[in-house]
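# Coordinates in review
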Amino acid sequence: MSFRLQKSNPRTARFARALACLLLVCLVAPAQSLASGATAEAKPHGIAIPVLNYHSIGAEHGNPYVLSPDTFARQMDYLAAHHYTPLTLAQFASVMGHEQPSPPHPVLLTFDDGYASNAEVALPILQKHGYPATLYVSTGLISTPGYLTWPQIKQLSAAGWDVASHTVTHPHLPKLSKKEQREEILASRALIERNLAKPADTFAYPFGEYNRTTLRILRKAKFRYAFTTLDGWATSEQPRLQLHRIVVDSQKPFEEWVEQLTQRE
Ligand SMILES: [Zn+2]
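Heads up: these notes are all about the structure in this document. All residue numbers here refer to positions counted from 1 along the written sequence of the relevant chain. It should be noted that, the model being predicted, local features are given only for residues of pLDDT at least 70 and side-chain atom pairs only at 80 or more, the latter also being counted only at that level, while totals for whole chains, interfaces and linings use all residues. Think of the side-chain values as coming from all heavy atoms in the structure, minus any hydrogens and water.

What follows covers the overall build of the protein chain. A count of helical and extended segments in the protein chain gives 8 helices and 12 strands. Taken over 265 residues, the protein chain has a buried fraction of 43%. Pairs at least 24 residues apart make up 64% of the contacts formed inside the protein chain by residues separated by at least 6 positions. Here the protein chain has roughly 14,200 Å² of accessible surface; of this, 57% comes from carbon and sulfur atoms. By definition, any uninterrupted DSSP run of H or I lasting at least four residues is a helix, any uninterrupted run of E lasting at least two residues is a strand, and each is numbered from the N terminus. For every residue, the accessible area obtained with a 1.4 Å probe (protein chains only) is divided by the maximum for its type, and the residue is called buried under 20%, exposed over 50%, and partly exposed between those limits. Here, two residues are considered to be in contact whenever any of their heavy atoms come within 4.5 Å of each other. In this description, accessible areas are obtained by the Shrake-Rupley approach with a 1.4 Å probe, and a residue is regarded as covered only by the protein chains that are shown.

Only nitrogen, oxygen and sulfur atoms within 2.8 Å of the metal, or 3.2 Å for Na, K and Ca, are treated as donors, and water is left out, so sites may look incomplete. Around the zinc ion, the donor atoms from the protein are Asp113 (OD), His166 (NE2) and His170 (NE2), and they sit 2.0 to 2.1 Å away. Summarised as a motif, the one-chain spacing of the donors to the zinc ion is D-x52-H-x3-H. Here the residue Asp113 occupies a position in strand 6 (residues 106-113), and His166 occupies one in the loop between strand 8 (162-165) and helix 6 (178-196), the gap between them amounting to 53 residues.

A large share of strand 6 lies buried, amounting to 8 of its 8 residues. Two strands are said to pair when DSSP picks up at least two bridges between them. Inspection of the sheet shows strand 2 (residues 51-54) paired to strand 6 by 4 bridges, in the parallel sense. Each bridged residue has a counterpart across the sheet, and for Tyr54 the counterpart in strand 6 is Phe111. Assessed by its sense of winding, the connection that carries the chain from strand 6 through helix 4 (residues 116-129) to strand 7 (residues 134-137) is right-handed. Every crossover in which the path from the first strand over the helix to the second runs clockwise, viewed with the strands pointing away from the viewer, is termed right-handed.

We now examine the pattern of salt bridges. In what follows, salt bridge is the name for a side-chain nitrogen of Lys or Arg lying within 4 Å of a carboxyl oxygen of Asp or Glu. In the structure shown here, the tally under the stated rule is 6 salt bridges. Salt-bridge contacts for Asp112 lead to Arg245; the nearest nitrogen and oxygen are separated by 2.9 Å. In this pair, Asp112 sits in strand 6 while Arg245 sits in strand 12 (residues 243-247), placing the two residues 133 residues apart along the sequence.

Before going further, it helps to spend a moment on the packing of helix 6 against helix 7 (residues 212-220). Only the stretch in contact is used when fitting a helix axis, every axis being a line fitted to C-alpha atoms; angles between N-to-C directions are given from 0 to 180 degrees. Two elements in contact, helix 6 and helix 7, have axes whose closest approach is 10 Å; the angle formed by their N-to-C orientations is 45°. If you check the angle between helix 6 and helix 7, you find them oblique. When you trace helix 6 past helix 7, the crossing you get is right-handed. Listed contacts from helix 7 to Lys178, Gln181, Arg182 and Ile185 of helix 6 are Thr213, Thr214, Ile217 and Leu218. By residue class, the composition of the contact of helix 6 with helix 7 is 3 nonpolar, 3 polar and 2 charged. Under this scheme an angle from 65 to 115 degrees is roughly perpendicular, one under 35 degrees roughly parallel, and one over 145 degrees roughly antiparallel; angles in between are oblique. Whether a crossing is left-handed or right-handed is set by the direction in which the near helix is turned from the far one by less than a right angle, anticlockwise for left-handed and clockwise for right-handed. In this classification, Asp, Glu, Lys and Arg are treated as charged, Ala, Val, Leu, Ile, Met, Phe, Trp, Tyr, Cys and Pro as nonpolar, and every other residue, Gly included, as polar.

Looking now at a positive patch on the surface. Residues enter patches when their relative accessible area tops 30% and they take part in no salt bridge; the joining distance is 9 Å for like charges and 5 Å for the nonpolar side chains Val, Leu, Ile, Met, Phe, Trp and Tyr. For this count, His and the chain ends are skipped, Lys and Arg are scored as positive, and Asp and Glu as negative. By convention, the charge on Lys lies at NZ, on Arg at CZ, on Asp at CG and on Glu at CD. Residues Lys178, Arg182, Arg212, Arg216, Arg219 and Lys220 make up a contiguous surface patch of positive charge. Contributing elements (two or more residues each) for the positive patch: helix 6 and helix 7. Per-element tally for the positive patch: the top contributor is helix 7, with 4 residues.

As far as function goes, none of this settles anything; it's purely spatial.
Here you go:
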């Protein structure tokens, strides 16, 4: 069989074209895959951080939102033994915004509502490890029975806790008018900022509930992040005002907490 190319022969012309195409694929394809590989590397990797959501720490009596001090201490010991790095809100924001590299095993510890036990029980356990936390306080509950007082909130703030808004009265936000939602969100933030002289530009939704109006208010007031109770890790792919959290349920076995902490959904 001869490979001499003859222009007049359609079969050999087809062969030549096929050969040319093959060469083109061989030469161009690696260049393209190199280029796309470079693009993939240049693009920052998605960040994913487990955000634990606690409420009260105390005698639980079967309440899923009240965690016994022993279990809480055991969870913090677990974080220490497995070299976790609990973050401040500022660190959380810089890692999520790709402004600083993530420390090993980052985690954000959040406490909702503002229970007195956060200062009386959780704080000493966290201080033993040197861990910061974030408090989302409903300002209307401050100094009512079972809840934090302003001196206690100032104590938490001085100990490195971030304090931000969880509304005034802990309402179901979607049931409120736009005006009422604004008041709940902005008045609580303003009060915290006035009392602590620090920005409180993140938010946690009471009952994890919000609607389009809520998001619009938060966006307009330039809140940086807001936390839902949608289950799973917070990631840089999620909308900033709809970040997921792991609600710690005192009725679940310890192993399940470990699973939620260590396995991204
Ligand atoms: Zn709450």
